[in-house]
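Structural overview
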Amino acid sequence: MAKPYYEFFCPVKVIAGNAALEHIPFELATLGAKRALIITDKGVHANGLLTPIETAFAEADAEIVATFTDVPPDSSLTTVRNAAKLYREHQCDAILAIGGGSVIDTAKATNILVSEGGDDLLKYSGAHNLPKPLKPLFVIPTTSGTGSETTMIAVVSDTEKNVKLPFTSYYLMPNAAILDPRMTQTLPPHLTAMTAMDAMTHAVEAYTCLAANPISDAYATAAIKKISENLFKVLANPKDAEGRLELAQASTMAGIAFSNSMVGAVHSLGHALGAVAHLPHGLCMNLFMPYVLDYNKSVNGAKIADLLLPLAGADIYAQTPADKRADKAIAYIRQMRDQIYEQTKLPRTLQETGKVTREQLVEVAKKALDDGSIIFNPKEANLKDLLGILEKAW
């Protein structure tokens, strides 16, 4: 049944396939842009991932006039100001973000400064503080996890005050997301697995949390199916172009889903653990997903049961009695994590990370309780409940 009221919005053009990169100059030209700034990081640059993009511009009217490679793992206000300075010095008129989450966040924040003028990013932080559309921004992801290429969110660190500043606006959504399997083929196995489980969590929470709607459900279940069917193929053969493209599409679809239906307690706990123990976001998602689903099962078991079909396929779904499907879906996610651990050593428990102490669990639970995502979790949780989940994940 459709909800009595919901909204669904995704203005991002998705350009996907084996020659997607070659379309970038033409797509820029349709927006009247000819002087692009590339924002990326040193790893992407060192891996030669810019070469096919530079080749695509060789015979085009548009050109790449500058490249900014100084994006750290956690973007900062200083990084954004430096990128904006380079954009202005070279009189650019568009931004190409080539990288993972931090690069995309940097590019979105840089776009605020170059579009609005000045150097004060702080006055635009928070929700919906941008007055008008920004300059053209294209995102070319080099990981298949964050889904940032289709979201209206950016997070930038204020290193002086040691806080993360969120920016939320429809105007932060890129004009286009370019998905090309060449961009993720050098991603190492543990990062491939970690980012895929990040996307899986986006899709699972988008489907099972309170703001889910029929359209986001379609994107979420399709993303789950693509990850389940392709992750282990890609881990076995990292150069599998078709599998890489499927994972990239899954990440984008999961991004579209959770942008419209939000996420829940896995993200609340993950954000909190990331802040306390400085662990990567995708790893935190992998740690908490089955335990949160187990906690929520008493109120949304039917939706968790639905996940068994895209996760395990039609045969297993049909063979499993209806009242056992929720448990089977959770068990299947655990099984995936075990297989990933065997192949990549991606931790499944807090202990396996080697970076978390039991003394930190109370702080993690308290921070999670204050996280915005907790509002959309289908089952209310207090401090004791969250500590119970953390104990199971220990």
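Keep in mind it's a predicted model, so treat the numbers as computed, not measured. (Residues numbered from 1 in each chain as written. Predicted model: local features only at pLDDT ≥ 70, side-chain atom pairs only at ≥ 80, totals over all residues. Heavy atoms only, no water.)

**Some words on the sheet that holds strand 2 (residues 35–39)**
- Spatially, 6 strands are ordered 1-9-6-4-2-3 in an open sheet, and the strand pairing comes out parallel. Both outer strands of the open sheet, strand 1 (13–16) and strand 3 (63–68), are each paired with one neighbouring strand and no more. Going across the sheet, the axis of each strand differs from the next one's by a mean of 20°, ignoring polarity.
- In this sheet, strand 9 (residues 176–179) lies alongside strand 6 (residues 137–141) in parallel orientation, the contact comprising 2 bridges. Its bridge partner being in strand 9, V139 is matched across the sheet by A177.
- Contacts from helix 4 (residues 77–89) reach strand 2, strand 3 and strand 4 (94–99), with the element oriented near 150° to strand 3.
- The strands that helix 5 (residues 101–116) touches are strand 2, strand 4 and strand 6; relative to strand 4, the one it contacts most, it runs at about 165°. (Pairing = 2+ DSSP bridges. Helix = DSSP H or I, 4+ residues; strand = E, 2+ residues; numbered from the N terminus. Axes fitted to C-alpha atoms, helices over the stretch in contact; angles between N-to-C directions. Contact = heavy atoms within 4.5 Å.)

**Here's the deal with empty space enclosed by the protein**
- Throughout the structure, instances matching the rule amount to 2 cavities of 30 Å³ or more.
- By volume, the largest cavity amounts to about 40 Å³.
- In terms of lining residues, the largest cavity is bounded by S144, T184, L187, T192, T195, A196, R244 and L247.
- Elements with a minimum of two residues in the lining of the largest cavity: helix 6 (189–208) and helix 8 (241–261).
- Sort the elements by how many residues they give to the lining of the largest cavity and helix 6 lands first, with 3 residues.
- Its residues placed into classes, the lining of the largest cavity shows 3 nonpolar, 4 polar and 1 charged.
- Of the volumes computed, that of the second largest cavity is approximately 30 Å³.
- The wall of the second largest cavity is formed by V204, E205, T208, C209, V266, V292, L293 and N296.
- Of all the secondary structure elements, the ones that give two or more residues to the lining of the second largest cavity are helix 6 and helix 10 (281–306).
- Across the lining of the second largest cavity, the residue classes break down as 5 nonpolar, 2 polar and 1 charged. (1 Å grid on protein atoms, 1.4 Å probe; cavity = no way out; pocket = protein on both sides within 12 Å on 5 of 7 lines; lining within 4 Å. Points joined across faces, edges and corners; volume = space filled by probe spheres on them. Nonpolar A, V, L, I, M, F, W, Y, C, P; charged D, E, K, R; others polar.)

**Regarding the nonpolar core**
- Of all hydrophobic cores here, the largest spans 70 residues; its most connected members are M200, L231, L273, F288, L311 and L350.
- The biggest single contributor to this core is helix 10, with 12 residues.
- In contact with L311, not counting residues within four places along its chain, are M200, I224, S228, A329, Y332, I333 and M336.
- Residues V114, L121, Y124 and V156 belong to the second largest nonpolar core, which totals 33 residues. (Core = buried A, V, L, I, M, F, W, Y, C linked by side-chain atoms within 4.5 Å. Buried < 20%, exposed > 50% of the residue type's maximum accessible area, 1.4 Å probe, protein only.)

**Some thoughts on the sheet that holds strand 8 (residues 163–168)**
- Strand order in this open sheet of 3 strands is 5-8-7, and the pairing throughout is mixed. Because the sheet does not close on itself, it has two edges, and the strands there are strand 5 (126–127) and strand 7 (153–158).
- Bridge analysis of strand 7 against strand 8 gives 6 bridges, and the strand direction is antiparallel. If you follow V155 over to strand 8, its bridge partner there is P166.
- Running over the sheet, helix 5 touches strand 7 and strand 8 and is turned about 90° from strand 7.

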